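Chain and residue survey
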Amino acid sequence: MAKQKKHPTGTIALNKKARHDYFIEHRFEAGLVLAGWEVKSLRAGKAQLVDSYVLLKDGEAWLFGSHFTPLTAASTHVIADPTRTRKLLLNKKELERLHSSVQQKGYAAVCTALYWSKHLIKCEIALGKGKKEYDKRDTERERDSAREIQRAVRNKGKGDE
(Lines give C-alpha, C1' and ligand atoms only; values in the text may rest on other atoms or scores of the structure.)
Protein backbone atom coordinates (compact mmCIF):
# COMPACT_ATOMS: atom_id res chain seq x y z
CA MET A 1 0.00 0.00 0.00
CA ALA A 2 1.35 3.42 -0.95
CA LYS A 3 2.37 5.75 1.85
CA GLN A 4 -0.14 8.56 2.23
CA LYS A 5 1.09 12.13 2.72
CA LYS A 6 0.20 13.72 6.03
CA HIS A 7 -0.76 17.10 4.59
CA PRO A 8 -1.49 18.18 1.04
CA THR A 9 0.86 20.74 -0.45
CA GLY A 10 0.15 23.91 -2.32
CA THR A 11 -2.63 26.40 -2.64
CA ILE A 12 -5.97 25.94 -0.90
CA ALA A 13 -7.85 28.98 -2.23
CA LEU A 14 -7.11 32.09 -4.31
CA ASN A 15 -8.78 35.48 -4.42
CA LYS A 16 -8.45 36.43 -8.10
CA LYS A 17 -10.86 39.32 -7.69
CA ALA A 18 -8.36 41.10 -5.41
CA ARG A 19 -5.77 41.18 -8.22
CA HIS A 20 -8.45 42.62 -10.51
CA ASP A 21 -9.60 45.32 -8.07
CA TYR A 22 -6.27 46.41 -6.52
CA PHE A 23 -2.71 47.28 -7.46
CA ILE A 24 -0.84 44.91 -5.14
CA GLU A 25 2.08 46.74 -3.55
CA HIS A 26 3.23 44.55 -0.67
CA ARG A 27 2.49 41.04 0.59
CA PHE A 28 2.52 39.63 4.11
CA GLU A 29 2.33 36.04 5.32
CA ALA A 30 0.08 35.47 8.34
CA GLY A 31 -0.97 32.47 10.34
CA LEU A 32 -4.63 31.75 11.06
CA VAL A 33 -6.37 30.80 14.29
CA LEU A 34 -8.67 27.97 13.22
CA ALA A 35 -10.99 25.43 14.79
CA GLY A 36 -10.60 21.72 14.08
CA TRP A 37 -13.52 21.50 11.67
CA GLU A 38 -12.07 24.42 9.67
CA VAL A 39 -8.77 22.60 9.15
CA LYS A 40 -10.64 19.52 7.93
CA SER A 41 -12.65 21.69 5.59
CA LEU A 42 -9.50 23.32 4.21
CA ARG A 43 -7.90 19.92 3.62
CA ALA A 44 -10.91 19.16 1.44
CA GLY A 45 -10.48 22.52 -0.37
CA LYS A 46 -13.80 23.99 0.78
CA ALA A 47 -12.81 27.66 1.14
CA GLN A 48 -13.78 30.88 -0.65
CA LEU A 49 -11.99 34.23 -0.37
CA VAL A 50 -13.94 36.27 -2.93
CA ASP A 51 -15.20 39.07 -0.67
CA SER A 52 -12.71 38.66 2.16
CA TYR A 53 -10.78 41.55 3.63
CA VAL A 54 -8.55 42.28 6.62
CA LEU A 55 -9.72 44.54 9.41
CA LEU A 56 -7.20 46.02 11.85
CA LYS A 57 -8.70 46.65 15.27
CA ASP A 58 -7.13 47.05 18.74
CA GLY A 59 -3.65 46.18 17.45
CA GLU A 60 -4.85 42.89 15.96
CA ALA A 61 -5.69 41.72 12.44
CA TRP A 62 -8.95 39.91 11.67
CA LEU A 63 -10.06 38.12 8.49
CA PHE A 64 -13.63 39.02 7.50
CA GLY A 65 -15.78 37.66 4.69
CA SER A 66 -14.03 34.36 4.10
CA HIS A 67 -16.27 31.32 3.80
CA PHE A 68 -15.14 27.84 4.93
CA THR A 69 -17.85 25.31 4.10
CA PRO A 70 -18.24 22.78 6.93
CA LEU A 71 -18.01 19.12 6.02
CA THR A 72 -21.01 16.91 6.69
CA ALA A 73 -18.72 14.24 8.14
CA ALA A 74 -17.22 16.69 10.66
CA SER A 75 -18.07 16.56 14.33
CA THR A 76 -21.78 16.73 15.09
CA HIS A 77 -21.48 18.38 18.51
CA VAL A 78 -19.81 21.54 17.17
CA ILE A 79 -21.93 24.35 15.75
CA ALA A 80 -20.01 25.45 12.65
CA ASP A 81 -20.19 29.10 11.56
CA PRO A 82 -18.74 29.21 8.02
CA THR A 83 -18.37 33.02 7.88
CA ARG A 84 -16.99 33.75 11.35
CA THR A 85 -14.16 36.24 11.76
CA ARG A 86 -10.77 34.61 12.14
CA LYS A 87 -7.76 36.09 13.90
CA LEU A 88 -4.60 36.56 11.83
CA LEU A 89 -1.21 36.07 13.42
CA LEU A 90 1.30 38.77 12.46
CA ASN A 91 4.25 40.24 14.31
CA LYS A 92 4.17 43.75 15.75
CA LYS A 93 6.18 45.41 12.95
CA GLU A 94 3.94 43.92 10.25
CA LEU A 95 0.81 45.03 12.11
CA GLU A 96 2.16 48.59 12.47
CA ARG A 97 3.11 48.75 8.79
CA LEU A 98 -0.29 47.47 7.71
CA HIS A 99 -2.11 49.84 10.05
CA SER A 100 -0.18 52.92 8.88
CA SER A 101 -0.65 52.00 5.20
CA VAL A 102 -4.38 51.28 5.49
CA GLN A 103 -4.90 54.72 7.07
CA GLN A 104 -3.85 56.32 3.77
CA LYS A 105 -6.64 57.05 1.33
CA GLY A 106 -7.29 54.37 -1.29
CA TYR A 107 -5.34 51.57 0.44
CA ALA A 108 -6.83 48.32 1.69
CA ALA A 109 -5.62 45.03 3.13
CA VAL A 110 -7.13 41.97 1.45
CA CYS A 111 -6.54 38.23 1.68
CA THR A 112 -5.26 36.95 -1.67
CA ALA A 113 -4.50 33.30 -0.92
CA LEU A 114 -4.68 30.46 1.57
CA TYR A 115 -1.95 27.83 1.30
CA TRP A 116 -0.04 25.13 3.14
CA SER A 117 3.39 25.91 4.57
CA LYS A 118 4.69 22.55 5.78
CA HIS A 119 1.93 21.47 8.19
CA LEU A 120 0.55 24.98 8.82
CA ILE A 121 -2.13 26.95 6.99
CA LYS A 122 -0.98 30.42 5.98
CA CYS A 123 -2.87 33.42 4.66
CA GLU A 124 -1.30 35.81 2.15
CA ILE A 125 -2.36 39.36 2.93
CA ALA A 126 -1.82 41.97 0.23
CA LEU A 127 -1.64 45.69 0.74
CA GLY A 128 -3.27 47.20 -2.31
CA LYS A 129 -4.37 50.50 -3.76
CA GLY A 130 -7.82 50.45 -5.33
CA LYS A 131 -8.06 50.52 -9.12
CA LYS A 132 -10.34 52.87 -10.97
CA GLU A 133 -12.48 51.56 -13.83
CA TYR A 134 -10.09 52.87 -16.50
CA ASP A 135 -7.16 51.15 -14.73
CA LYS A 136 -8.99 47.84 -14.96
CA ARG A 137 -9.58 48.37 -18.69
CA ASP A 138 -5.88 49.23 -19.21
CA THR A 139 -4.86 46.04 -17.41
CA GLU A 140 -7.16 43.96 -19.61
CA ARG A 141 -5.79 45.67 -22.73
CA GLU A 142 -2.19 44.96 -21.69
CA ARG A 143 -3.03 41.32 -20.94
CA ASP A 144 -4.72 40.92 -24.35
CA SER A 145 -1.78 42.46 -26.20
CA ALA A 146 0.69 40.23 -24.36
CA ARG A 147 -1.41 37.20 -25.28
CA GLU A 148 -1.45 38.27 -28.96
CA ILE A 149 2.34 38.70 -28.95
CA GLN A 150 2.81 35.24 -27.42
CA ARG A 151 0.46 33.75 -30.00
CA ALA A 152 2.33 35.47 -32.86
CA VAL A 153 5.73 34.27 -31.58
CA ARG A 154 4.45 30.72 -31.18
CA ASN A 155 2.89 30.65 -34.67
CA LYS A 156 5.96 32.23 -36.33
CA GLY A 157 8.12 29.23 -35.40
CA LYS A 158 5.60 26.79 -36.87
CA GLY A 159 5.30 28.59 -40.23
CA ASP A 160 9.05 28.52 -41.05
CA GLU A 161 9.28 24.75 -41.52
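Identification of the protein as SsrA-binding protein from Pseudomonas quercus is taken from an unreviewed UniProt entry. Under the heading Sequence similarities (unreviewed entry), UniProt records this for the protein: "Belongs to the SmpB family." Recorded under Subcellular location (unreviewed entry), the UniProt text for the protein is reproduced unchanged: "Cytoplasm".

**A closer look at helix H3 (residues 92-102)**
For H3, the set of buried residues is Leu-95, Leu-98 and Ser-101. When H3 is viewed along its axis, its buried side chains cluster within an angular range of 135 degrees and face the same direction. Residues of H3 that are exposed and point over 90 degrees away from its buried face: Lys-92 and Lys-93. The opening residue of H3 is Asn-91, an N-cap whose side-chain oxygen sits 3.3 Å from the backbone nitrogen of Lys-93.

**Considering the side chain of Asn-15**
Topologically, Asn-15 is positioned in the loop between strand S1 (11-14) and helix H1 (16-21). By relative accessible area, Asn-15 is classed as buried at 2%. In contact with Asn-15, not counting residues within four places along its chain, are Leu-49, Val-50, Ser-52, Cys-111 and Thr-112.

**Thoughts on the environment of Gly-106**
With respect to the helices and strands, Gly-106 occurs in the loop between H3 and strand S8 (107-117). Apart from the residues within four sequence positions on either side, Gly-106 is in contact with Gly-128, Lys-129 and Gly-130.

**What to know about the side chain of Arg-86**
Relative to the assigned elements, Arg-86 resides in strand S7 (residues 86-89). Side-chain polar atoms of Arg-86 contact the backbone oxygen of Pro-82, separated by 3.1 Å. Leave out the neighbours within four places in its chain, and Arg-86 touches Leu-32, Val-33, Leu-34, Trp-37, Glu-38, Ala-61, Trp-62, Leu-63, Ser-66, Phe-68 and Asp-81.

**Regarding the pattern of salt bridges**
Here the structure, examined in full by the defined rule, presents eight salt bridges. Glu-38 is the salt-bridge partner of Arg-86, the closest N and O atoms lying 2.9 Å from each other. Of this pair, Arg-86 sits in strand S7 while Glu-38 sits in helix H2 (residues 36-43), and the two are 48 residues apart along the sequence. As far as the burial class goes, Arg-86 and Glu-38 line up, both buried.

**Description of the packing of aromatic side chains**
Counted according to the given criterion, the structure contains one aromatic pair. Ring geometry for Tyr-53 and Phe-64: centres 5.6 Å apart, planes at 10 degrees, overall stacked. One end of the pair, Tyr-53, is in strand S4 (residues 53-57); the other, Phe-64, is in strand S5 (residues 60-64), and eleven residues separate them in sequence. Assessed through its relative accessible area of 38%, Tyr-53 is described here as partly exposed. For Arg-86, the ring lying beneath its charged end belongs to Phe-68, and the centroid distance is 4.0 Å.

**A word on the nonpolar core**
The nonpolar side chains of a soluble globular protein tend to be buried, and buried together. Counting 27 residues, the largest nonpolar core has Leu-88, Leu-90, Leu-98, Leu-114 and Ile-125 as its most contacted members. Elements with a minimum of two residues in this core: S1, strand S2 (22-32), H2, S4, S5, H3, S8 and strand S9 (120-130). Here the element with the most residues in this core is S8; it accounts for five residues. In contact with Leu-90, not counting residues within four places along its chain, are Phe-28, Glu-29, Ala-30, Ala-61, Leu-95, Leu-98 and Ile-125.

**Examining the sheet that holds S5**
Strand order in this open sheet of seven strands is S1-S8-S9-S2-S7-S5-S4, and the pairing throughout is antiparallel. This sheet does not close on itself; its edge strands, each paired only once, are S1 and S4. Across the sheet, the mean angle from the axis of one strand to that of its neighbour is 40 degrees, orientation sign disregarded. Alignment of S8 against S9, held across ten bridges, turns out to be antiparallel. Looking across to S9, one finds that Cys-111 is bridged to Ile-125.

What counts and what doesn't
- Residues numbered from 1 in each chain as written.
- Predicted model: local features only at pLDDT ≥ 70, side-chain atom pairs only at ≥ 80, totals over all residues.
- Heavy atoms only, no water.
- UniProt positions renumbered as here; feature names shortened; annotations may be inferred.
- Buried < 20%, exposed > 50% of the residue type's maximum accessible area, 1.4 Å probe, protein only.
- Helix = DSSP H or I, 4+ residues; strand = E, 2+ residues; numbered from the N terminus.
- Arc of directions from axis to C-beta.
- Polar contact = N/O pair within 3.5 Å; in protein donor to acceptor, adjacent residues only side chain to side chain.
- Contact = heavy atoms within 4.5 Å.
- Salt bridge = Lys/Arg side-chain N within 4 Å of Asp/Glu carboxyl O.
- Phe/Tyr/Trp six-rings, centres within 6.5 Å; stacked < 30°, edge-to-face > 60°.
- Lys NZ or Arg CZ within 6 Å of the ring centre and 35° of its normal.
- Core = buried A, V, L, I, M, F, W, Y, C linked by side-chain atoms within 4.5 Å.
- Pairing = 2+ DSSP bridges.
- Axes fitted to C-alpha atoms, helices over the stretch in contact; angles between N-to-C directions.

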